[in-house]
Amino acid sequence: MSTMDESTKHHVSHSEDHSSHFGEKSVNEIQIEHVPEGTAGAGKALFMLLKAFVGTGVIFLPGAFQNGGLALSIVLMVVIASICLVSFQLLVKAQREVGGSYGDMARDLYGSYLRYLVLFFLCISQMGFVASYLIFISENLQLVVQALNNCYTPFESKYYIWIVLGAVIPLCWVRKIARLSYCAIIADIFILFGLICVLYYTADQIHLHGAGPNIKLINQQDFALMIGTATFSFEGIGMVVPVIEGMKHPEKFPRVLTIGMIIITLIFTLIGTMGYVAYGDRIKASVVTNIPTEPLSVTVQLLYSIAMILTAPFMLWPPLNIIEHGIFGSKRSGRISWAYKWGKNFVRTLVPIVSAAVSFGVGADNLDKFVSLVGIVACLPLCFIFPGMFHYKCTRNWWLRAVDILLIMWGSGILVYTLYVNVNSWVHPAPASAEAAQCTSL
């Protein structure tokens, strides 16, 4: 009996360590587990990159194009994508030198303190994504209810957030991410369908009514908000490291990454441009909210909301495991004690509740500013600053070190400036539009 107990404890400890290692990864890193290490070809690696980057964040880009202005936003999208590509390529070089996950690289190169900092940014970025999604979901559910109920809704959109939690929390209790693989597949299908419909509706709007009103080519006042949202959209940086590890010929990854970033940039620019040109200054934070009320559009709004609900437990996987491991350690397993199991379930309940509380406080009116804030505070360091720091320690090439320094300085400088503009937009909000939203029932 004693031998069995020791064996069980050893297995549980190993399982918990493995789980904590996954806790450092983003949802995109976790999804790569379906590709055995060292077996993926260049085509499959490209598909996984596109799947990671072209997700839920892209629907916020048309609203971001309003913040930047049409011409300036297109230029900024290309510039940000180019800098992201350089940053990701440097991260690839550093990973091939050091090995391990994002957190492992931080620890090996700079010590445990930077690993904890990386984990912190992973937590707030993923929880920020989910908070943004909950605002979007609540707004869309209200539109669906109004369309199906003759423009009547029993309460404000933000209260739907707490109803949605009833579906998100049980999914967060699932310990093995593989059990949620079907949720990820369904979410991907719904997102792809939604994006195709968004392109159809925006193209149809332009064809029937021409360009939307008051389109600006350059918006000098709010363009910094566009930078934050664009960085938010490049949320697939966590995919870079595991795709390398999953490739049969990892030396081909730089070319795969370059091709992937070109395709991603074209898709992002297309959706951002089409959405802004179609609706002009009437564009909402989420372009899905702008499409006219009819059976297909209501279906799109509902399916996109379901996709985000199904995506939420994946997005929360890193903070769930990081926080759970930080509180309970690697040896206190729910397999041994029910007290530990329900203690961990409490943590896995509290994390989505915190995200919901944030989204409830922000509200639909501030969604565009909040999305930008998440991109600025959480994504900029992960996309630009840390990759430059990692590669600086891994190379002796003075030219590449100069590039690393410039990348770190640019990331730090743009973070400070865009954060200032974003905070100022909260402190001194723009006057609310006098145009009232018109409800249309089916």
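Residues numbered from 1 in each chain as written. Predicted model: local features only at pLDDT ≥ 70, side-chain atom pairs only at ≥ 80, totals over all residues. Heavy atoms only, no water.

Stated precisely, the cut-off is as follows: UniProt positions are given in the numbering used here, feature names are shortened, and annotations may be inferred rather than shown by experiment.
The protein appears in an unreviewed UniProt entry as Transmembrane amino acid transporter protein-domain-containing protein from Syncephalastrum racemosum. In its Sequence similarities (unreviewed entry) section, the UniProt record describing the protein reads: "Belongs to the amino acid/polyamine transporter 2 family."

1. Points about the packing of helix α16 (residues 367-394) against helix α17 (residues 398-427)
Using the following cut-off: As a rule, the C-alpha atoms of each element are fitted with a line to give its axis, helices using only the stretch in contact, and angles between N-to-C directions run from 0 to 180 degrees. Helix and strand assignments come from DSSP, with helices taken as H or I runs of at least 4 residues and strands as E runs of at least 2, each series counted from the N terminus. These descriptions rest on fixed angle ranges, namely under 35 degrees for roughly parallel, over 145 for roughly antiparallel, 65 to 115 for roughly perpendicular, and the rest for oblique. Crossing handedness: left-handed means the near helix sits turned counterclockwise from the far one by under a right angle, and right-handed means the same turn made clockwise.
Two elements in contact, α16 and α17, have axes whose closest approach is 9 Å; the angle formed by their N-to-C orientations is 165°. As summarised for this structure, α16 and α17 are arranged roughly antiparallel, according to the angle between their axes. Taken as a pair, α16 and α17 cross one another with a handedness that is left-handed.

2. Structural notes on unusual backbone geometry
With the exception of glycine, most residues fall at negative phi, and the peptide bonds are largely trans. The backbone phi angle of Asn150 is positive, close to 55°, even though this residue is not glycine. Note on placement: Asn150 falls in the loop between α7 (112-148) and α8 (160-172). The phi dihedral of Cys151 is positive, around 70°, even though this residue is not glycine. Among the structural elements, Cys151 can be located in the loop between α7 and α8.

3. A look at the side chain of Thr349
So the rule is basically this: Whenever a nitrogen or oxygen atom comes within 3.5 Å of another N or O atom, the pair is scored as a polar contact, on the condition that within protein one atom can donate a hydrogen and the other can accept it, and that pairs from neighbouring residues in sequence are kept only if both atoms are in side chains. Any two residues whose heavy atoms approach within 4.5 Å are treated as being in contact.
Here Thr349 lies in helix α15 (residues 338-362). Side-chain polar atoms of Thr349 contact the backbone oxygen of Asn345, separated by 2.8 Å. Among all residues touching Thr349, those that are not within four sequence positions of it are Ile169 and Trp173.

4. Considering a nonpolar patch on the surface
Definition in use: Nonpolar side chains (Val, Leu, Ile, Met, Phe, Trp, Tyr) are joined into patches within 5 Å and like charges within 9 Å, using only residues with over 30% relative accessible area and no salt bridge. Each accessible area is a Shrake-Rupley result for a 1.4 Å probe, and residues are judged covered by the shown protein chains and nothing else. Should a side-chain nitrogen of Lys or Arg be within 4 Å of a carboxyl oxygen of Asp or Glu, the pair is scored as a salt bridge.
Taken together, the side chains of Phe155, Tyr159, Trp162, Ile163, Phe346, Leu350, Ile353, Val354 and Val358 make up a nonpolar region of the molecular surface, amounting to roughly 780 Å² of accessible area. Secondary-structure elements contributing two or more residues to the nonpolar patch are α8 and α15. When residues in the nonpolar patch are grouped by element, the largest group, 5 residues, is from α15. Position of Phe346 among the secondary structure elements: in helix α15.

5. Examining the nonpolar core
The condition that has to hold: We define a nonpolar core as any set of buried Ala, Val, Leu, Ile, Met, Phe, Trp, Tyr and Cys residues linked to one another through side-chain atoms lying within 4.5 Å. Buried, partly exposed and exposed residues are distinguished by accessible area as a fraction of the type maximum, computed with a 1.4 Å probe on protein chains only: under 20%, between the cut-offs, and over 50%, respectively.
Among the nonpolar cores identified, the biggest contains 122 residues, and Ile59, Phe234, Phe253, Met261, Tyr304, Phe386 and Phe390 are the most heavily contacted of them. Tallying contributions element by element places α7 first for this core, with 16 residues.

6. Observations concerning the packing of aromatic side chains
Quick reminder of the rule: In this analysis, rings of Phe, Tyr and Trp, with Trp reduced to its six-membered ring, are considered paired at centre separations within 6.5 Å, and the interplanar angle assigns stacked below 30 degrees, edge-to-face beyond 60, and tilted for intermediate values.
Here the structure, examined in full by the defined rule, presents 16 aromatic pairs. A centroid spacing of 5.6 Å and a plane angle of 70° characterise the contact between Phe120 and Phe121, whose relative ring orientation is edge-to-face. On the basis of relative accessible area, Phe120 is assigned to the partly exposed category, the value being 45%. Residue Phe121 is classed as buried on the basis of its relative accessible area of 13%. Geometrically, the ring pair formed by Phe384 and Trp410 is edge-to-face, given 5.0 Å between the ring centres and 85° between the ring planes. Placement of the pair is Phe384 in helix α16 and Trp410 in helix α17, with a sequence separation of 26 residues. What makes Phe384 buried here is its relative accessible area of 0%. The structure contains a cluster of three or more aromatic residues connected by ring pairs, namely Phe60, Phe129, Phe136, Phe232 and Tyr304.

7. Points about the side chain of Asn345
Assignment of secondary structure puts Asn345 in helix α15. Its relative accessible area of 4% is what places Asn345 among the buried residues. Apart from the residues lying within four places of it in its own chain, the contact partners of Asn345 are Trp173 and Arg175.

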